[in-house]
Structure formats: structure tokens, C-alpha cells
Amino acid sequence: SISSIWSPRPIESAEFSPDGRKLALLERAAEATNLYIIDVEAEEVLTDLTDVGFGDSVSAYTWDDIGTTIYAVSGTDSMTIHQYDFDVPDESKRHSIVEKNGADEGSIAFADGRIYFVQGDMENGDMIYRVKCDGGVRRQFTYGSLFALSGNKEYMAINAESGAAASSTGSEKLRIYEMDSGNSIPVSNEFGAQEFVWSRDGSRLYYFENRLSGDEENAEEGSSNNDEYPYTLWVYYTESGVNKAVADLMSTSIIPGRDTDTVYICYTDKETLGSVVRATYALNTAQ
């Protein structure tokens with residue numbers, strides 16, 4: 001099994017390629033984050049992307065639509081957009097840098113032959129850019145400090161809670177951007193999402209409210225003594241526009257299930273700082 005290859009090395013995240021033949025594993029080791037590609041059928045490490053030029057600070061990664069190329073916000077001294085194309089016959093030429101002018105940690109996505117990423121500066125604030133994968137000049141897409149593209153590529157959830165993007169949007173903290181029409185749908189005007197993730201079919205956006213944020217004294221006290229469940233899980237249903245809170249949780253560790261109505265909640269061991277999962281529960285989120 002894949003777990004027998006990796007144990008006991010800590011995994012930050014994992015994502016199968018669209019064709020199911022490869023698995024990307026992001027490993028957290030001391031002060032580094034390294035990205036590896038596993039050959040699923042052979043059950044062995046296919047490529048160590050840190051060694052081929054990605055650097056040891058991989059922040060976010062994404063596959064193309066067919067699983068032949070992986071992209072990442074990564075680097076060592078500075079963060080840029082890297083790609084590794086498995087279709088290139090010469091292994092020494094598979095790695096290249098898509099965009100050399102920098103990127104912020106946290107978000108990356110692939111759609112319509114373009115890479116989407118975030119970079120903030122004094123002039124434009126927090127901005128989402130896009131650039132063609134085969135090279136070209138970055139273009140402004142829309143404002144935002146963090147985003148997640150739905151699996152069907154129809155929607156982009158965008159957080160504007162931090163930085164200049166927050167002040168430029170007024171009360172619009174979390175919104176959904178329709179990729180075809182360009183319309184923006186407000187989801188939360190009260191708070192920016194602690195984290196957010198789409199259901200597999202793009203019909204639901206799961207996101208977290210951190211009820212202790214903004215008050216350092218209460219946050220410290222609540223996290224240790226008063227409130228064991230400081231994160232409220234919300235669900236936004238894209239078809240109906242209904243937005244509701246469904247549970248108060250200890251952490252933000254959730255995984256959408258194959259069943260649209262199900263999300264899996266991971267309860268982690270506090271003593272090991274979340275590296276040990278105590279239990280996994282299935283939560284029904286039917287509207």
C-alpha cells in the first residue's frame with residue numbers, strides 16, 4: 001500500500017492525478033515542505049520534485065486536466081510558479097518555471113490552459129493573476145488573497161479577509177466567482193473563511209468561521225480552557241444559494257466524500273500537534 005511506502009513520514013496533503021496513475025504527496029519535514037510523485041501502480045516514488053528544481057518550500061500544487069503535468073507555488077529563497085511535465089521524454093527538461101515574477105503562498109489552480117495564483121503588492125493589493133502555461137505575461141484576474149477552484153472549474157471561492165483586498169471589498173469577505181459569466185456571489189459578509197474546500201461536484205462550498213479570531217486574549221484562553229470547538233463549519237449550496245452552519249468542530253480538518261451529502265471530519269491528537277488522527281467521522285450535510 002502507499003502508506004507502507006511512506007510511514008512514518010508526515011504528510012501535509014495528497015492529491016491523485018486526474019487519470020489516477022500518480023499521487024502527489026506533500027511532506028512536511030522540519031522547516032521544509034517537499035513534493036513527491038508516487039507511481040500508484042508500482043507503489044514507488046516516481047519523482048522527488050524538490051531535487052529536480054522545485055525547492056524545499058512547496059506551498060500549494062495542482063494537476064492539469066489529464067494528469068501529465070503538475071504545477072506548484074514553490075521555491076527556496078523566493079516563491080515562483082514551477083511545472084513538471086511527465087510527457088517530456090528527456091527527464092532533465094521536464095522542470096521549468098512558468099512565471100518568474102513571484103507568487104504568494106497558499107493558492108494555485110489550473111483551468112483552460114492557464115495557471116491562477118495570488119500575489120499582493122502596495123500598488124494592486126491582494127490580486128489573483130493568471131498566466132498561460134506555455135509562457136506569456138501575467139494578467140490580473142480579480143482581487144482576492146486566497147482562492148479555491150471547484151472540481152468542475154465552474155466556480156472560484158475567493159477570500160478577501162486579509163490585506164488590501166479586504167479593505168477594497170467593503171463587507172464582502174468571502175465570495176464565489178462564476179468563471180464563465182464573471183459574476184460575483186457574496187457568501188459571507190461577516191467574516192473571512194479560516195479555510196474552505198469544495199465538494200467533489202462543485203455543488204457545495206464548505207468553509208470555516210474561526211470564532212476566536214480577532215481577539216488574541218480570548219483566542220488563547222478559549223483554545224486552551226473554554227472552547228474546545230472554536231471552528232464553525234458552514235456550507236453554501238450553489239444551486240439554491242442557501243448558506244447555513246452545520247457543526248462546531250475542534251479543527252478545520254475535513255475531506256469531502258464521494259457522496260455529495262457527506263463530509264469526513266478528522267479529529268486529531270493535540271499532543272502531537274495534529275499529526276495523529278484520533279478518529280474520523282462522517283457528517284451528513286443534506287440540505
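Here's the deal with the overall build of the protein
Now for step 1: Tallying secondary structure elements over the protein gives 4 helices and 23 strands in all.
Now for step 2: Scored against the burial criterion, the 287 residues of the protein give a buried share of 46%.
Now for step 3: Within the protein, contacts between residues separated by at least 24 positions form 36% of all contacts whose residues are at least 6 apart in sequence.
Now for step 4: Accessible surface for the protein amounts to roughly 14800 Å². Of this, 43% is attributable to carbon and sulfur atoms.

Observations concerning the packing of aromatic side chains
Now for step 1: Inspection of the entire model under this criterion finds 10 aromatic pairs.
Now for step 2: Note on Phe 191 and Tyr 207: the rings are 6.1 Å apart at their centroids and 35° apart in plane angle, and the pair reads as tilted. Linking Phe 191 in the loop between strand E16 (184-188) and strand E17 (196-198) with Tyr 207 in strand E18 (residues 204-210), this pair joins segments that are 16 residues apart in sequence. Here Phe 191 and Tyr 207 have matching classes, each one buried.
Now for step 3: Members of the aromatic cluster, joined through ring pairs, are Trp 63, Tyr 84 and Phe 86.
Now for step 4: Of note, Lys 22 hangs over the ring of Phe 86, and the distance from its end group to the ring centre comes to 5.1 Å.

Looking at the layout of surface pockets
Now for step 1: Quantified by volume, the second largest pocket comes out at close to 190 Å³.
Now for step 2: Taken together, Asp 19, Arg 21, Lys 22, Asp 39, Glu 41, Leu 46, Gly 67, Thr 68, Phe 86 and Asp 87 make up the lining of the second largest pocket.
Now for step 3: Residue composition of the lining of the second largest pocket, grouped by class: 2 nonpolar, 2 polar and 6 charged.

A word on the pattern of salt bridges
Now for step 1: The tally for this structure, following the rule as stated, stands at 5 salt bridges.
Now for step 2: The salt bridge partner of Glu 12 is Arg 28, with a shortest N-O separation of 2.8 Å. Remark: Arg 28 occurs in strand E2 (residues 22-29) and Glu 12 occurs in strand E1 (residues 11-16); sequence separation between them is 16 residues.
Now for step 3: The partly exposed category is assigned to Glu 12, whose relative accessible area is 42%.
Now for step 4: In this structure, Asp 65 and Lys 153 form a salt bridge, with 2.7 Å as the shortest nitrogen-oxygen distance. Taken together, the residues span a long stretch of sequence, with Asp 65 in the loop between strand E5 (60-63) and strand E6 (69-75) and Lys 153 in the loop between strand E13 (146-149) and strand E14 (155-159) at a distance of 88 residues.

About the cut-offs
- Residues numbered from 1 in each chain as written.
- Predicted model: local features only at pLDDT ≥ 70, side-chain atom pairs only at ≥ 80, totals over all residues.
- Heavy atoms only, no water.
- Helix = DSSP H or I, 4+ residues; strand = E, 2+ residues; numbered from the N terminus.
- Buried < 20%, exposed > 50% of the residue type's maximum accessible area, 1.4 Å probe, protein only.
- Contact = heavy atoms within 4.5 Å.
- Areas by Shrake-Rupley, 256 points an atom, 1.4 Å probe, with all protein chains shown as cover.
- Phe/Tyr/Trp six-rings, centres within 6.5 Å; stacked < 30°, edge-to-face > 60°.
- Lys NZ or Arg CZ within 6 Å of the ring centre and 35° of its normal.
- 1 Å grid on protein atoms, 1.4 Å probe; cavity = no way out; pocket = protein on both sides within 12 Å on 5 of 7 lines; lining within 4 Å.
- Points joined across faces, edges and corners; volume = space filled by probe spheres on them.
- Nonpolar A, V, L, I, M, F, W, Y, C, P; charged D, E, K, R; others polar.
- Salt bridge = Lys/Arg side-chain N within 4 Å of Asp/Glu carboxyl O.

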